[in-house]
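Chains, contacts and geometry: an overview
Each chain is listed here by its residues.
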Amino acid sequence: MNFAQTPLHRALQLLGRGRGSRLFGASLCVLMLSACTLSPDYQRPELSTPAQFKQAEGWTQAKPSDAIARGAWWELYGDAQLNSLVEELNRSNQTVAQYEAQYRQATALIRSSRASLFPSLDLSAGKNRSAQGTGSSSSSLSNNSSGIRNTYTTQLGVSWEIDLWGKLRETLNANEASAEASFADLAAMRLSLQSELVQNYLQLRVIDEQKRLLEATVAAYERSLKMTENQYRAGVSGPDAVAQARTQLKSTQADLIDLIWQRAQYENAIAVLMGKAPADFALADSKSIPALPQVPLALPSQLLERRPDIASAERSVMAANSSIGVARAAYFPDLSLSMSGGYSSSSFSNWIELPNRFWSVGPSLAMTLFDAGKRSAEVDRTVAVYDQTVAQYRQTVLDGFREVENYLVQLKVYGDEAVVRQEALEAARQSLRLTENQYRAGLIGYLDVVNVQATALSNERSVLNLLQGRLIASVQLITALGGGWDSQQAFSQAQQ
């Protein structure tokens, strides 16, 4: 803005020509009606983003739309107990409570900065007891009560800072943008914690399935050990077969025991996420694993744009832009209007009477003439903060595209691998059946059986671990896309 062209400059010129006495009031009205802003016009930072993801077809570029409702995305897994756990997290998680309190602080700042646009009204009342020397000695003064005076005052004052340069309005804009960023941070933290709980729950259920697998395997190995011991007593097999059968059984039992502490860790993590002490929470074993959502080939790219962390970064850019205007306003004078009136008397009995009234009214213009570059440094700092938030916003968007690409390719590869793993598992099961039949017929030794059993168990566990990886990757993809879909575009349920 050119200061020589501002209403304030023209008003000062008029005052300098001697006409200020009759034009001051009119000029003041012009000043208040023509208040300007010194912040740059805000524009969302430009981004060089791809039109679609390379790992999936049907993605198109879109503008940020974080206001779109996300919905209960965890219901895609079709597990009623999981749904209740997430709802409890939404109500009782202490980290969410912290971020919610931060958001309330931000909204309180909005109310405070909005109140600064209006006049303030103050009321004061008091009594003052004072003494003044009369030229006599201090001893005579102490005995002379006429030197002591009581003063009773009451005063009502009005003060108002005229927002000539938009400093107060830009402060309000910055606080509003910061509050929106705080709300987005709350949504981002809630989504992150929901994702963490769902991942912990899914991994716990996979462990339950692994426990059932190992328990069935231990039972089968116990039968094999008993059969081998019978054959040893009958002289059909040697002691080495018994030792191999016992080794295999004990190793599998140890693996089963190892799952106990792994499950306990996930159970305790879920308890804390729901705001409960681990000692007060327990999850019973489940006989099924939640359904694996199937990612459709086409999803609107608005889902990525709804990410709350991207929204928070963009709102921070808005707040930094407004802060530049606040810093620039320090170069210009502040205009304040004040008015006060009240009563003052030395006697309490006739304190509030017309002859004891007083009043004052007048404008105040204040401006810093020299500060050794302090204001210039503050403007440079706010510009640098703006550049920093722009870079953070762009990096957040790029990280979002990277995460989505990673999880898309991960799910695709896991899907292809699952087909091959299942084929390997079926072959291992068939090989185990044939080998056990040959052993019972006495055609092969027990060492051959041990090797085939180990291979079959390894394939069983590999299939479960792969299913766990696919479930976790699906949660991470949902989180990377901002969480949730419209019911018309939802994941179709597909039990793998």
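These notes cover the structure that comes with them. Remember, it's a predicted structure, so these values are computed and weren't measured experimentally.

1. With respect to the side chain of Thr-396
Counting through the fold element by element, Thr-396 comes out in helix H10 (residues 374-440). According to the relative accessible area criterion, Thr-396 is buried, its value standing at 17%. With residues near it in sequence (within four places) discarded, Thr-396 still touches Asp-309, Ile-310 and Ala-313.

2. Things to note about the pairing of strand S2 (residues 148-162)
Bridge count between strand S1 (residues 120-131) and S2: 12 bridges; the pairing is antiparallel. Residue pairing across strands places Arg-129 opposite Asn-150, the latter belonging to S2. Here S2 pairs with strand S4 (residues 334-345) via 11 bridges, running antiparallel. Across the sheet, Gly-157 pairs through a bridge with Ser-340, a residue of S4.

3. Concerning the environment of Gln-253
On the secondary structure map, Gln-253 appears in helix H7 (residues 239-273). For Gln-253, a relative accessible area of 22% translates into the label partly exposed. For Gln-253 and Ala-219, which are 34 residues apart along the polypeptide, the C-alpha to C-alpha distance reads 9.9 Å. Setting aside chain neighbours within four positions, we find Gln-253 in contact with Val-218 and Glu-222.

4. Concerning helix H6 (residues 167-233)
Helix length check: H6 (67 residues) gives 96 Å between terminal C-alpha atoms against 99 Å at 1.5 Å per residue, within 8%. Following H6 by one or two positions, Gly-235 adopts a phi angle in the positive range, close to 80°.

5. Topic: the layout of surface pockets
In this approach, a probe sized like a water molecule rolls over the atoms, and the result shows the empty space that is left. What the second largest pocket holds in volume is close to 390 Å³. In terms of lining residues, the second largest pocket is bounded by 19 residues, among which Ala-220, Tyr-221, Leu-432, Glu-436 and Gln-453 are the most central. Broken down by secondary-structure element, the contributors of at least two residues to the lining of the second largest pocket are H6, H10 and helix H11 (446-480). It is H6 that provides the largest number of residues to the lining of the second largest pocket, a total of 8 residues. By residue class, the composition of the lining of the second largest pocket is 11 nonpolar, 3 polar and 5 charged.

6. Overview of the nonpolar core
Ranked by internal contacts, the top residues of the largest apolar core, which has 49 residues, are Trp-73, Tyr-77, Leu-85, Leu-197, Val-198, Ile-270 and Leu-471. Counting only elements with at least two residues in this core, the list comes to helix H3 (80-92), H6, H7 and H11. Sort the elements by how many residues they give to this core and H6 lands first, with 15 residues. Apart from the residues within four sequence positions on either side, Ile-270 is in contact with Leu-85, Leu-197, Asn-200, Tyr-201, Leu-204, Phe-281 and Leu-283.

7. Some words on the packing of aromatic side chains
Scanning all chains against the criterion turns up 5 aromatic pairs. With a centroid separation of 5.2 Å and an interplanar angle of 55°, the aromatic rings of Tyr-103 and Phe-183 are classed as tilted. Of this pair, Tyr-103 sits in helix H4 (residues 94-115) while Phe-183 sits in helix H6, and the two are 80 residues apart along the sequence. Arranged with centres 4.7 Å apart and planes meeting at 35°, the rings of Trp-165 and Phe-332 form a pair that is tilted. Here Trp-165, found in the loop between S2 and H6, pairs with Phe-332, found in the loop between helix H9 (308-328) and S4; they are 167 residues apart in sequence, far enough to count as distant.

8. Description of the sheet that holds strand S5 (residues 357-366)
As summarised here, the arrangement of the 4 strands in space is S1-S2-S4-S5, forming an open sheet in which the pairing is antiparallel. With one partner strand each, in any of the chains shown, S1 and S5 form the two edges of the open sheet. Averaged over all adjacent pairs, the angle separating strand axes in this sheet is 20°, with direction ignored.

Reading guide: rules and limits
Counting restarts for each chain, with residues numbered from 1 along the sequence as it is written. Owing to the predicted nature of the model, reporting of local features is limited to residues with pLDDT of at least 70; listing and counting of side-chain atom pairs is limited to 80 or more, with chain, interface and lining totals taken over all residues. Just so you know, side-chain values use all the structure's heavy atoms and leave hydrogens and water out. Helix numbering and strand numbering both begin at the N terminus, where a helix is a DSSP run of H or I of at least 4 residues and a strand a DSSP run of E of at least 2. Buried means the residue's accessible area, taken with a 1.4 Å probe over protein chains only, is under 20% of the maximum for its type, while exposed means over 50%, and partly exposed covers the values in between. What makes two residues a contact is simply this: any of their non-hydrogen atoms within 4.5 Å. Strands pair, by our definition, only if DSSP identifies at least two bridges between them. Take the residue count of a helix, subtract one, and multiply by 1.5 Å to get its expected span. A 1.4 Å probe that fits into a set of points on a 1 Å grid over the protein atoms alone but cannot get out defines a cavity; an open set with protein on both sides within 12 Å along at least five of seven lines defines a pocket, and lining residues are those with an atom within 4 Å of a point. Grid points are joined across faces, edges and corners, and a volume is the space filled by probe spheres set on the points. Throughout this entry, Asp, Glu, Lys and Arg are counted as charged residues, while Ala, Val, Leu, Ile, Met, Phe, Trp, Tyr, Cys and Pro are counted as nonpolar. The remaining residues, Gly among them, count as polar. Grouping buried Ala, Val, Leu, Ile, Met, Phe, Trp, Tyr and Cys residues that are joined through side-chain atoms within 4.5 Å yields what is termed a nonpolar core. Pairing of aromatic rings covers Phe, Tyr and Trp, the last through its six-membered ring, and needs centres within 6.5 Å; plane angles under 30 degrees mean stacked, over 60 mean edge-to-face, and all others mean tilted. Helix axes are fitted only over the stretch in contact, all axes being lines through C-alpha atoms; the angle between N-to-C directions runs from 0 to 180 degrees.

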